[in-house]
Amino acid sequence: MERPPLKELLRDNSKQVLVLDGGQGTELENRGINVANPVWSTIPFINESFWLDKSSFYRNTVEDVFKDFIASGANILMTITYQASFKSVSENTPIKDLSQYNDLLTNIVKFCRSCIGPERYLIGSIGPWGAHVCCEFTGDYGQHPENIDYYQYFKPQLDNFNMNEEVDLIGFETIPNIHEVEAILSWDEKILSKPFYIGLSVHKTGVLRDGTTMEEVADLIKRREDKLNPNFLLLGINCVSFNESADILQQLHKCLPNMPLLVYPNSGEIYDTELKIWKQSADKLHSWDSMVRRYIENGARIVGGCCRTSPKDIAEVSVAVDKYS
Ligand SMILES: [Zn+2]
């Protein structure tokens, strides 16, 4: 069965909550793919064998990740293109010009669609400007973040996703800096002609990585109200601490009660930035069941997991979404 347009689904079925997949990048890593490189989780697609050999390890692993998230109940899944901006790809892989880049993205989208079928939704994943310079968790965009040409950076990836009918929603993920949020919200329907969301990268304390409060983010949106791009469908948080994620979402919901929200936190493990490993946290305070209940009470319409969440996590999310929506 074909899917109805996402905009209609969110508008007409106010109770429906979609289940997003989990952390694709870290799941590929769990299954033996070395993602430690400048294009991160997109690396399997850069390898020629992915496209030439249907039984290549890379290809089968990506297929299995999709299969397992779907078996867990995910009905909205992402292209694995978080760190696949034109700049990251052209500076770090053999793909150098725009036409090769467009072919790459088009092939990735086509492949992802073939993995998820026509009835599920596909998000075109776009990481923040900071992902290119590895500062999506500090939000430190230098002395003049207001002068960065965000559009220039995003344009090739955006243009490609805008044009591709297989992409249902564009996801700006893990956005850590308020100037970047402001830039994205300033783009009209010509620049962003497809439904999109913004996932904020937020500290445990509930402020954006650059220190901006959720009230200030909400004020920015309220100030722009009449000028907002009608394709701006959801606001949310991702790659944030599991334990605090419901509190942060509640904050956003309080400030923007009519805004559809999305939330996909990390697994509850903690990343040790010095040792570069994930550590099991002894104090995972809540279950997915209790978190999902709170997410839905606070306006969440898309719920899933980010880094280190596995198909097992998504199965728990999915059961809870059925129970509370
Ligand atoms: Zn993440």
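Everything numeric in this text was worked out from a predicted model, so none of it was measured.

> So what about the packing of helix H7 (residues 98-116) against helix H9 (residues 150-163)? Which residues, and what values?
When two helices pack together, their arrangement is captured by the angle between the axes and the distance separating the axes. For the pair H7 and H9, interaxial distance at closest approach is 10 Å and the crossing angle is 50°. When the axes of H7 and H9 are compared, the pair comes out oblique. H7 and H9 meet at a crossing whose hand is right-handed. Between H7, through Leu98, Tyr101, Asn102, Leu105, Thr106 and Val109, and H9, the contact on the second element is made entirely by Pro156, Gln157, Asn160 and Phe161. Here the residues of the contact of H7 with H9 are counted per class, giving six nonpolar, four polar and no charged.

> Describe the sheet that holds strand E3 (residues 121-126), and please don't skip the residues or the numbers.
The eight strands are arranged E1-E10-E7-E6-E5-E4-E3-E2 in an open sheet whose pairing can be described as parallel. Unpaired on one side and paired on the other, strand E1 (18-19) and strand E2 (76-78) mark the two borders of the sheet. Across three bridges, E2 lies against E3 in parallel orientation. Across the sheet, the residue bridging to Ile76 is Tyr121, located in E3.

> Residue-level account of the UniProt feature "binding site: Zn(2+)" (unreviewed entry) in the protein chain, with values.
As annotated in UniProt, the feature "binding site: Zn(2+)" (unreviewed entry) corresponds to Cys239, Cys306 and Cys307 in the numbering used here. A stretch of 69 residues holds the annotated residues, and the largest C-alpha distance among them is 6.2 Å, short enough that they meet in one place. Positionally, Cys239 belongs in the loop between strand E6 (232-238) and helix H12 (245-255). Residue classification places Cys239 among the buried positions, given a relative accessible area of 5%. Residue contacts for Cys239: discarding those within four places in its chain leaves Phe137, Thr174, Arg209, Tyr264, Pro265, Asn266, Cys306 and Cys307. Of note, Cys307 is situated in the loop between strand E10 (300-303) and helix H14 (311-324). Those residues in contact with Cys307 that lie beyond four places of it in its chain are Gly23, Thr26, Trp40, Cys239, Asn266, Ser267 and Trp278.

> Outline the coordination of the zinc ion, listing residues and values.
All of the protein donors around the zinc ion are Cys239 (SG), Cys306 (SG) and Cys307 (SG); their distances to the metal are 2.2 to 2.3 Å. One chain supplies every donor for the zinc ion, spaced along it as C-x66-C-C. A relative accessible area of 9% means that Cys306 is categorised as buried.

> Before we move on, can you summarise the packing of helix H13 (residues 288-297) against H14 with the specific residues and values?
Packing of H13 against H14 leaves a shortest axis separation of 9 Å and a crossing angle of 50°. Judged on the interaxial angle alone, H14 and H13 are oblique. For the crossing formed where H13 meets H14, the hand is right-handed. Of the residues in H14, those in contact with Trp288, Asp289, Val292, Arg293 and Ile296 of H13 are Asp313, Glu316, Val317, Ala320, Val321, Lys323 and Tyr324.

> Lay out unusual backbone geometry with the relevant residues and their values.
Unusually for a residue other than glycine, Trp40 sits at a positive phi of about 45°. Inspection of the secondary structure assignment puts Trp40 in the loop between helix H2 (24-30) and helix H3 (43-46). With phi around 75°, Arg308 is a residue other than glycine that occupies positive phi space. With respect to the helices, strands and loops of the structure, Arg308 is situated in the loop between E10 and H14.

> Go over the pattern of salt bridges, please, and point to the residues and values.
Enumeration according to the criterion identifies 19 salt bridges in this entry. With its nearest N and O atoms 3.4 Å apart, the salt bridge here joins Glu2 to Arg3. What makes Glu2 exposed here is its relative accessible area of 56%. The closest approach of N and O atoms between Lys312 and Glu316, which form a salt bridge, is 3.2 Å. With Lys312 and Glu316 both in helix H14, this residue pair falls four residues apart, about one helical turn. Residue class for Glu316 comes out partly exposed when judged on its relative accessible area of 34%. Several salt bridges share partner residues, and in doing so they unite Glu2, Arg3, Arg113, Glu166 and Asp168 into one network.

Thresholds applied
- Residues numbered from 1 in each chain as written.
- Predicted model: local features only at pLDDT ≥ 70, side-chain atom pairs only at ≥ 80, totals over all residues.
- Heavy atoms only, no water.
- Axes fitted to C-alpha atoms, helices over the stretch in contact; angles between N-to-C directions.
- Helix = DSSP H or I, 4+ residues; strand = E, 2+ residues; numbered from the N terminus.
- Parallel < 35°, antiparallel > 145°, perpendicular 65-115°, else oblique.
- Left-handed = near helix turned anticlockwise from the far one by under 90°.
- Contact = heavy atoms within 4.5 Å.
- Nonpolar A, V, L, I, M, F, W, Y, C, P; charged D, E, K, R; others polar.
- Pairing = 2+ DSSP bridges.
- UniProt positions renumbered as here; feature names shortened; annotations may be inferred.
- Buried < 20%, exposed > 50% of the residue type's maximum accessible area, 1.4 Å probe, protein only.
- Donors = N, O, S within 2.8 Å, 3.2 Å for Na, K, Ca; no water.
- Salt bridge = Lys/Arg side-chain N within 4 Å of Asp/Glu carboxyl O.

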